[in-house]
Amino acid sequence: MYCCSFLSRLGVGMASMSSTLVETVSINYEDFNESFLTCGTCLCTYDGGEHTPKLLPCSHTVCLHCLTRIAASQTRDAGSFRCPICRELITIPRGGVPALPPSFLVNQLLDLMARQRREVIPQCSSHPGRELLFCETCDCVFCRHCADGPHSDTPCDHTVVPFSIALKRMSEILLYRANECLSKLGSAREAVASELRRLEAAATAAEEAIDRHFAELKAALDKRHSELKSAAAAAATHKRKLLEEQLKLIDVEKSKVEAECSGLQQQVEVREVSSRAAALGARLGDAAALAEPRENAFLAVDFAHNDAQQRFVEALAELGRVRTSTTFPGLCTLQLESTCVCGLEVAVVLRTVDYHGEPRSTGGDPVSAAATLDDAPLPCAVADLDSGMYRITMRPWSAGAICVRVLVFSRAVRDSPLRAQVLPAAAPLLVWGSRGTGKEQLSQPVAVARCPKRREIYVLDAGNSRVKVLDDETFAFKTHIVNEGLAGRSCTGIAVTAEGVVAVNWRTRTLTEVSVDGSTVRTVRSDRLVEPVCVAADVTSRRLAVADNGARAVFVFDAHGNIEREIGNGSLGLVGGLALSQDMIIIADVAVRIYDNEGNLQNTLAPVPKGRGGYGGVALEVSEGECLIVCTRAVRGRPALLALEAGGRVVAACELAERRPRRVAGLALLPKRRALLADLAGDCLRLHAYW
């Protein structure tokens, strides 16, 4: 922004010397130009050409272009027109509108401003009168006649503007950035001042809390003080009462003795004196009994009988603490743990750092979080990991856009709000195996089980008549279990036992328990088996449960291979999953049914509409006394993983997508809440998160 200055000099004479007083008046160039050097009709700047300033008889100045247009529009009186400013009638001279006198004052001001601009704008020292140019590409000032290379007279691809325009641009940019900096500094000052106010409020609240807690402690100390004083007073009163009663007895005996002795000197009868002497001898024994105090005077307060005082002093030294934090919210980061999937838990990890960007190693910060799903509130919870990290969890039950806002000290962290898209279905974490007979190949895997003790995964590879053994962490191949009970490609169910695995063969209608080295441990048969398809085992009691789709029932065998109970009695559907524990039996057909050990139905969970699908596997997760039922089901050909509570509430559920399993025949639970699914038609195993 250009400024022009008008200087007036006023000489002031003094007695011994003279001085000059200079007054400077600064006028904004844009305001001055708009007020004095711009035509009030067309708002164009006066110049020496089309917009030459003309002075009208009414003393107003209008440019030649506007006056010519106004005069041409007059139809009644072609020799005159009205001033566009004051509406006074103006007579056109013989030479026409151009013959009107020029506005000398405006022309002088134009000349003055031109001189001022030439004085402000640097000019080339070698070429006077040549205005310097500015190259925005090279960020340099130059003279076209002096420069070499790209800044010579030859046109170039660089962006070159007059220095006056560049100066104006830079000034505007400078002012804009200065205003922006001032705005930000104002906001920063308000934020710091607000934090100071919150600090004062927190300090006041801390003092009040300290006073309140110590008032409670003082009240407790005063109460104990009163109790001890009362106990000491009660003990002293009791002793005092006994001693005072003994004193009274002594005084009574003394009075009696004195009464016996009174008049003894005047007594002349020997018999009377002898009788009184005998009576005093009897009283002498009573006096001897009263000679020793019946109660003692011992009364003391003991504080050394235990270490309560020491423990109190130590506890007092550790009582309370003043917590502060160096967390700087503006540098703290948010990160999603995994892909967001409908029905599964979404976890966001907050990592806190200090002002210097160093990670924090302790927790305790006041962290608050709020989540929305498609702008609708989504419940979330914040867990302090006490390591400088916090875990914010939520569970979206529909696909959409999720937004998580996290505040520390009521200030937003760097990545807040965190936005992500919730997918309608879950992709597998791992796909293992392919069709074939090799170590890492499968053919019709119909069931899968895991032994936590041996840390092994057992896959019933029915098409290859074997059980494949894998490591439960790396999924590395370990060995194959082969036994005559697995032959015929007709085994359909498998369960883990104490010594190995047990498999059910629907064709031979037998249960064969096989050790890990392939030897037969026991074989269970029964004439009541028609088409056994699933088996579950209780490792502790060695009981077995067999689902029979031919009999539409589940048979429970004891440790000796005898049927002890039948469940269902022909009313079950096609069973796809079976689980057995010490106190319950879970059967999955078109619903998840929970029975007790006596065969009584306790609950029916998540039934599938008739003819729409069924369940393909079920397993139990027991942790800290809580039981979670994890199962797979397919409704209209869409497979999904469900996690159910025994009471029936669905706590997690997700559809399986992206290389969707063609037929889930069984599942096994792995650590970190993962489920390994046996895809019968896909000849592979699929690993999914179920929480």
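Scroll up a little and you will see the structure.
Residues numbered from 1 in each chain as written. Predicted model: local features only at pLDDT ≥ 70, side-chain atom pairs only at ≥ 80, totals over all residues. Heavy atoms only, no water.

Colleague: Please set out the sheet that holds strand β37 (residues 592-595) residue by residue, giving values where relevant.
Modeller: Spatially, the four strands line up as an open sheet ordered β35-β36-β37-β38, and their pairing is antiparallel. Each of the sheet's edge strands pairs with one partner strand only, and the pair in question is β35 (577-580) and β38 (601-605). Each neighbouring strand pair of the sheet contributes to a mean axis angle of 15 degrees, computed without reference to strand direction. As defined by bridge partners, strand β36 (residues 585-588) adjoins β37 across four bridges and the pair is classed as antiparallel. Residue pairing across strands places Ile585 opposite Tyr595, the latter belonging to β37. (Pairing = 2+ DSSP bridges. Helix = DSSP H or I, 4+ residues; strand = E, 2+ residues; numbered from the N terminus. Axes fitted to C-alpha atoms, helices over the stretch in contact; angles between N-to-C directions.)

Colleague: Could you give an account of helix α2 (residues 64-72), with specific residues and numbers?
Modeller: Among the residues making up α2, those that are buried are Leu64, Cys66, Leu67, Ile70 and Ala71. Projected down its long axis, α2 carries its buried residues within an arc of 160 degrees, all on one side. Residues of α2 that are buried sit in contact with β3 (53-55), β4 (61-63) and β5 (80-82). (Buried < 20%, exposed > 50% of the residue type's maximum accessible area, 1.4 Å probe, protein only. Arc of directions from axis to C-beta. Contact = heavy atoms within 4.5 Å.)

Colleague: Run through the sheet that holds strand β19 (residues 425-426), naming residues and quoting values.
Modeller: Within a sheet, each strand pairs with its neighbour through backbone hydrogen bonds, oriented either parallel or antiparallel. One open sheet accounts for five strands, arranged β19-β42-β41-β40-β39; its pairing is mixed. Taken across any chain shown, the strands that pair with only one partner, and hence form the sheet edges, are β19 and β39 (613-623). In this sheet, strand β41 (residues 638-645) lies alongside strand β40 (residues 626-635) in antiparallel orientation, the contact comprising eight bridges. Residue pairing in the sheet places Leu628 in a bridge with Glu645 of β41.

Colleague: Can you break down the environment of Leu64 residue by residue, with the values?
Modeller: Mapped onto the secondary structure, Leu64 falls in helix α2. Given the relative accessible area of 19%, Leu64 is considered buried. Discounting chain neighbours no more than four positions away, the residues touching Leu64 are Gly49, Glu50, His51, Thr52, Lys54, Val97 and Pro98.

Colleague: Let's hear about the pattern of salt bridges: which residues, and what values?
Modeller: Under the defined criterion, the tally for this structure stands at 27 salt bridges. Here Glu473 and Arg455 are joined by a salt bridge, their closest N and O atoms 1.9 Å apart. Here Arg455 lies in the loop between β23 (445-451) and β24 (456-461) and Glu473 lies in the loop between β25 (466-471) and β26 (477-481), a separation of 18 residues in the sequence. Judged by relative accessible area, which is 42%, Arg455 ranks as partly exposed. Here Arg565 ties to Glu598 by a salt bridge, and the two come within 3.5 Å at their closest N and O atoms. You can see Arg565 sitting in strand β34 (residues 563-567) and its partner Glu598 sitting in the loop between β37 and β38, a full 33 residues away along the chain. Judged by its relative accessible area of 54%, Glu598 is exposed. Three or more residues joined by partner-sharing salt bridges are found here, namely Arg543, Glu564, Arg565 and Glu598. (Salt bridge = Lys/Arg side-chain N within 4 Å of Asp/Glu carboxyl O.)

Colleague: Describe in detail unusual backbone geometry, supporting the description with residues and values.
Modeller: Only a minority of non-glycine residues have a phi that is not negative, and only a minority of peptide bonds are not trans. Note the cis peptide between Ser416 and Pro417, where omega equals 0 degrees. The phi dihedral of Ser465 falls on the positive side, at around 50 degrees, and the residue is not glycine. Note on placement: Ser465 falls in the loop between β24 and β25. Despite not being glycine, Arg673 shows a phi value in the positive range, around 55 degrees.

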